[in-house]
Amino acid sequence: MQVPETGDTDTFSRTFTPQEVRDFATLSHDEGSHHVESDDDGRLLVHGLLTATLPTKIGGDYDVLAREMDFEFPRPVYTGEEVTCRWRFEHVTECEDRYSLSARAVCRNEAGEVVLRAEIAGVILK
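Let us look at the structure shown here. Note that the structure is a prediction, hence the values are computed from the model and not measured.

1. Considerations on the sheet that holds strand 2 (residues 65–72)
Point 1. Spatially, the 5 strands line up as an open sheet ordered 1-3-4-5-2, and their pairing is antiparallel. The two strands at the open ends of the sheet, each matched to only one other strand, are strand 1 (9–15) and strand 2. Put simply, the sheet's adjacent strands are angled 20 degrees from each other on average, direction ignored.
Point 2. Packed on one face of the sheet, helix 4 (residues 53–61) meets strand 1, strand 2, strand 3 (82–94), strand 4 (98–108) and strand 5 (114–125) and runs near 45 degrees to strand 3.

Here it is in structure tokens:
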């Protein structure tokens, strides 16, 4: 595995389906009507923490063990919308048995509107 350096970036995009939202509602027990009943346009509101799987997917690609994650959800995400997450390693510091890091992630919908901001602190074990 290549260890990231300060300033490195990565991106990941996905479009959530109604079935994924319903499955997450069942798994998380967050079954609010807006997550399980379609709106007038046939969409479901995607859970914030399901949207947060975009930055966690990128962190997983680097074997990041998160110690802190702070999320802000300024706009809703709906099924059928492509969401793109851009992750940036703000600081990566080598220690004896690990790399300590901080990162920021911003997720945007197809219109370019910010739907999630995240600050992450964690480690990558050697």
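2. Overview of the environment of K57
Point 1. Relative to the helices and strands, K57 resides in helix 4.
Point 2. When the C-alpha atoms of K57 and E81 are compared, they prove to be 18 Å apart, with 24 residues separating the residues in sequence.

3. Considering the nonpolar core
Point 1. The biggest cluster of nonpolar side chains holds 27 residues, and the ones touching the most others in it are W87 and C107.
Point 2. Residues in contact with W87, not counting those within four places in the same chain, are D8, T9, D10, P55, I58, G59, A103, R104, A105 and I120.

4. Re helix 1 (residues 18–28)
Residues lying three or four places apart along an α-helix face the same way, a consequence of the helix completing one turn every 3.6 residues.
Point 1. Taken together, the buried positions of helix 1 are occupied by V21, F24 and A25. Down the axis of helix 1, the buried side of the element spans an arc of 105 degrees, and every buried residue falls inside it.
Point 2. Of the surrounding secondary structure, the elements contacted by the buried residues of helix 1 are helix 2 (33–36) and helix 3 (48–51).
Point 3. One or two positions beyond helix 1, positive phi appears at H29, with a value near 65 degrees.

Conventions and cut-offs
Residues numbered from 1 in each chain as written. Predicted model: local features only at pLDDT ≥ 70, side-chain atom pairs only at ≥ 80, totals over all residues. Heavy atoms only, no water. Pairing = 2+ DSSP bridges. Helix = DSSP H or I, 4+ residues; strand = E, 2+ residues; numbered from the N terminus. Axes fitted to C-alpha atoms, helices over the stretch in contact; angles between N-to-C directions. Contact = heavy atoms within 4.5 Å. Core = buried A, V, L, I, M, F, W, Y, C linked by side-chain atoms within 4.5 Å. Buried < 20%, exposed > 50% of the residue type's maximum accessible area, 1.4 Å probe, protein only. Arc of directions from axis to C-beta.

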